[in-house]
Amino acid sequence: MSDKNGENERVENVIIVGGGPAGYTAALYAARAELEPLVIEGFQWGGQLQNTTDVENYPGYPEGVMGPEMMNDFRKQAERFGTRFVTDDVTELKLSDGGIHEVTVGKETHRARAVILAMGAEPKRLGIPGEMELQGAGVSTCGVCDGAFFKGKDVAVIGGGDSAMEDSIFVSKFADKLSIIHRRDEFRASKIMEERARAKDNIEVLTPYVPKEFVGEEGKIASIRLEHAETGEEKILPVGGAFVAIGHTPRSELVVGQVDTDEEGYVKVDEPSTKTRLAGVFAVGDLVDHTYRQAVTAAGSGTKGALDAEWYLRDTPGPDPEAHWSKQTGAVIEAVEAS
Ligand code: NAP
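In this report, we go over the structure that sits alongside the text. (Residues numbered from 1 in each chain as written. Predicted model: local features only at pLDDT ≥ 70, side-chain atom pairs only at ≥ 80, totals over all residues. Heavy atoms only, no water.)

1. Section: the environment of Glu204
- Relative to the elements of secondary structure, Glu204 occurs in strand β13 (residues 203–206).
- Glu204 sits in the partly exposed class, given a relative accessible area of 27%.
- Note: C-alpha distance between Glu204 and Ala156 (48 residues apart in sequence) is 9.4 Å.
- Apart from the residues lying within four places of it in its own chain, the contact partners of Glu204 are Lys177, Leu178, Ser179, Ile180 and Leu237. (Helix = DSSP H or I, 4+ residues; strand = E, 2+ residues; numbered from the N terminus. Buried < 20%, exposed > 50% of the residue type's maximum accessible area, 1.4 Å probe, protein only. Contact = heavy atoms within 4.5 Å.)

Structure (structure tokens):
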């Protein structure tokens, strides 16, 4: 579909950028509205769930489901209604205000009247030995998702913000003992969250300690090597699980400066809608959400994005009636043909 300059002449109704729960759900809804969406899903499609094992908190899977399997199901359901996919990473986004938007993947540029941004967020990592190797083998970046698998174990939560407190309070319901490890004596978390965590009988606070290594035994986490931030003293903390809760980074780098973002890089939308400040550009899922960040909330947000895009396309006549989404806009096309 490229011309000789590598430019794609077709103008899509809607391009969805991102292949996680938000992007695939937006695609499902857009496809069922006969918008024939194109999803640029990324080379490693599936989002954060691609690195998750059991998912037990997504409604509709009473026995639970593996994260990658669930994402495959999402993708298949969107495909069933005519979604098309590009399994590669977007390299450039040129967004307009109410005009045609350009989405470039390597040498190929796709054009669309509406764009739904669903690039998600990634958990920040400590960058220490054992962290990636033991991911899914006792090391997790989501206490709310994985806490229930650590019943009766001694675990640690690393971080001093609200996420770390929230994870600690939740995981302490299952764990025998939980150690909060923070690199400073002061917490960044809100006082109320810190106090709630400290009030739990089975939570201890270890500060100021810096994690240096996750140590595995027989393929599972067995301990964390810590270093005292002031004295340099080393401490080995035996654990059966570790939660890294040091924040998230929204994947907004391609759109910063084009749409409004907050100081942490999350895309700002005109809530409760998914509209950004640019007409025809919508943002959904973890890219806009620093609070809930669940697959089910991301999917709900994707639904809103697809409906917002559908209504935008319905209410905004396209520059070329042939490229307009024709099946549900008979009135627009007839008006153009009659003139
Ligand atoms: P955050 O507020 O940025 O806190 C991150 C924490 O991780 C900080 O304590 C930081 O330490 C620590 N940290 C960062 N990099 C580290 C490293 N390399 N090694 C060791 N520690 C490191 O992130 P968050 O807790 O995810 O919260 C993000 C936003 O969401 C906040 O606005 C928060 O209020 C909100 N939130 C709210 C709720 C709630 O209200 N229920 C729940 C979750 C999140 P330093 O303090 O030393 O920098």
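2. Description of the packing of helix α4 (residues 162–171) against helix α5 (residues 191–198)
- Packing of α4 against α5 leaves a shortest axis separation of 9 Å and a crossing angle of 30°. Classified by the angle their axes make, α4 and α5 are roughly parallel. The element α4 and its partner α5 pack so that their crossing is left-handed. Residues Asp162, Met165, Glu166 and Ile169 of α4 touch α5, and the partners they reach there are Met193, Glu194, Arg196 and Ala197.
- When the residues that make up the contact of α4 with α5 are grouped by side-chain class, the tally is four nonpolar, no polar and four charged. (Axes fitted to C-alpha atoms, helices over the stretch in contact; angles between N-to-C directions. Parallel < 35°, antiparallel > 145°, perpendicular 65-115°, else oblique. Left-handed = near helix turned anticlockwise from the far one by under 90°. Nonpolar A, V, L, I, M, F, W, Y, C, P; charged D, E, K, R; others polar.)

3. Comments concerning unusual backbone geometry
- The omega torsion of the bond from Thr207 to Pro208 falls at -20°, within 30 degrees of zero and hence cis.
- In the segment running from Glu271 into Pro272, the intervening peptide bond is cis, with an omega of 5°.
- Although it is not a glycine, Glu34 adopts a positive phi angle of roughly 60°.
- Tracing the backbone through its elements, the reader meets Glu34 in the loop between α1 (21–32) and β2 (38–40).

4. Considerations on the state of the cysteines
- The final tally for this structure, using the stated rule, is one disulfide.
- The disulfide that involves Cys142 links it to Cys145, with 2.0 Å between the sulfurs. The disulfide joining Cys142 to Cys145 has a torsion of about 70° about its S-S bond and is therefore right-handed. (Disulfide = S-S within 2.5 Å.)

5. Details of the layout of surface pockets
- The computed volume of the second largest pocket comes to approximately 380 Å³.
- Taken together, 21 residues form the lining of the second largest pocket, with Val269, Glu271, Gly285, Val288 and Asp289 sitting closest to its centre.
- Here the residues of the lining of the second largest pocket sort into seven nonpolar, eight polar and six charged. (1 Å grid on protein atoms, 1.4 Å probe; cavity = no way out; pocket = protein on both sides within 12 Å on 5 of 7 lines; lining within 4 Å. Points joined across faces, edges and corners; volume = space filled by probe spheres on them.)

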